[in-house]
Amino acid sequence: MSQKMKAHPRPDMSQVPDNLCPVAIIENGMLPGDWRAERPVVDRAKCVKCAICWIFCPVQCIVEKPAWFDINYDTCKGCGICAVECPHRAIEMIEEIK
């Protein structure tokens, strides 16, 4: 016994306002670095450029330099994943002071 699936009627959208979420359409220019509580600092003597920090960074703020990786603080949100994943402990999280 197979039953035929009935399509649900479309809701009446005429009563729904156009501007339900104005925040999502107006760019405010704020960067993740503007609200960060801690910042990662790379110890250049310990960094061996293994790229583990670059692989795990969720916002891709790790920047390659000739001999080490560094952080783009404009886009870094201070999550600390890079410091936790670094096998050489070359990244330390310090309190953000503004």
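Our subject is the structure listed above.
Let us look at the structure shown here.

Scoring rules and cut-offs
Once a new chain begins, its residue numbering starts again from 1 and follows that chain's sequence as written. Per-residue local features are limited, in this predicted model, to residues with pLDDT of at least 70; the limit for side-chain atom pairs, both in listing and counting, is 80 or more; totals at the level of whole chains, interfaces and linings are taken over all residues. Hydrogens and waters are ignored; side-chain quantities use all the structure's heavy atoms. Helical segments are the DSSP runs of H or I of at least four residues, strand segments are the runs of E of at least two, and each set is numbered from the N terminus. Polar contacts here mean pairs of N or O atoms no more than 3.5 Å apart (in protein, one a potential hydrogen donor and the other a potential acceptor; neighbouring residues in sequence count only if both atoms are side-chain atoms). Classification of residues uses two cut-offs on accessible area relative to the type maximum, computed with a 1.4 Å probe and protein chains only: under 20% is buried, over 50% is exposed, and between them is partly exposed. Here a residue-residue contact requires only that any non-hydrogen atoms of the pair lie within 4.5 Å. Only Phe, Tyr and Trp rings take part, Trp by its six-membered ring, and two of them pair if their centres are within 6.5 Å. Stacked means planes under 30 degrees apart, edge-to-face means over 60, and tilted covers everything else. By definition here, charges over rings are those cases where NZ of Lys or CZ of Arg is within 6 Å of the ring centre and within 35 degrees of the ring normal. Think of a salt bridge as a Lys or Arg side-chain nitrogen and an Asp or Glu carboxyl oxygen that are within 4 Å of each other.

Mapped onto the secondary structure, Arg 36 falls in the segment before strand S1 (38–42). Polar side-chain contacts of Arg 36 include one of 2.7 Å to the backbone oxygen of Cys 76.

Turning our attention to the environment of Arg 36. Judged by relative accessible area, which is 6%, Arg 36 ranks as buried. Separated by 43 residues in the primary sequence, Arg 36 and Cys 79 place their C-alpha atoms 8.3 Å from one another. Residues contacting Arg 36, with those up to four places away along its chain left out, are Tyr 73, Cys 76, Lys 77, Gly 78 and Glu 96. Within the structure, Arg 36 has its side chain in polar contact with the side chain of Glu 96 (distance 2.6 Å).

Attention now moves to the packing of aromatic side chains. In total, this model carries 0 aromatic pairs according to the counting rule given. Over the aromatic face of Tyr 73 sits the side chain of Arg 39, whose NZ or CZ is 4.0 Å from the ring centroid. Over the ring of Phe 69 we find Lys 49, and its NZ or CZ is 5.7 Å from the ring centre.

Under the definition given, this model contains 4 salt bridges. A salt bridge links Glu 96 to Arg 36; the nearest nitrogen and oxygen atoms lie 2.6 Å apart. In this pair, Glu 96 sits in the segment after strand S4 (91–95) while Arg 36 sits in the segment before S1, placing the two residues 60 residues apart along the sequence. Neither Glu 96 nor Arg 36 differs from the other in exposure class; each is buried. Across the pair Glu 96 and Arg 39 runs a salt bridge whose closest N-O atoms are separated by 3.0 Å. Of this pair, Glu 96 sits in the segment after S4 while Arg 39 sits in strand S1; the two residues are 57 residues apart in sequence, bridging distant segments of the chain. Overall, the relative accessible area of 12% leaves Glu 96 in the buried class. Linked through salt bridges whose partners overlap, the residues forming this network are Arg 36, Arg 39 and Glu 96.

So yeah, pure geometry; function would need other evidence.
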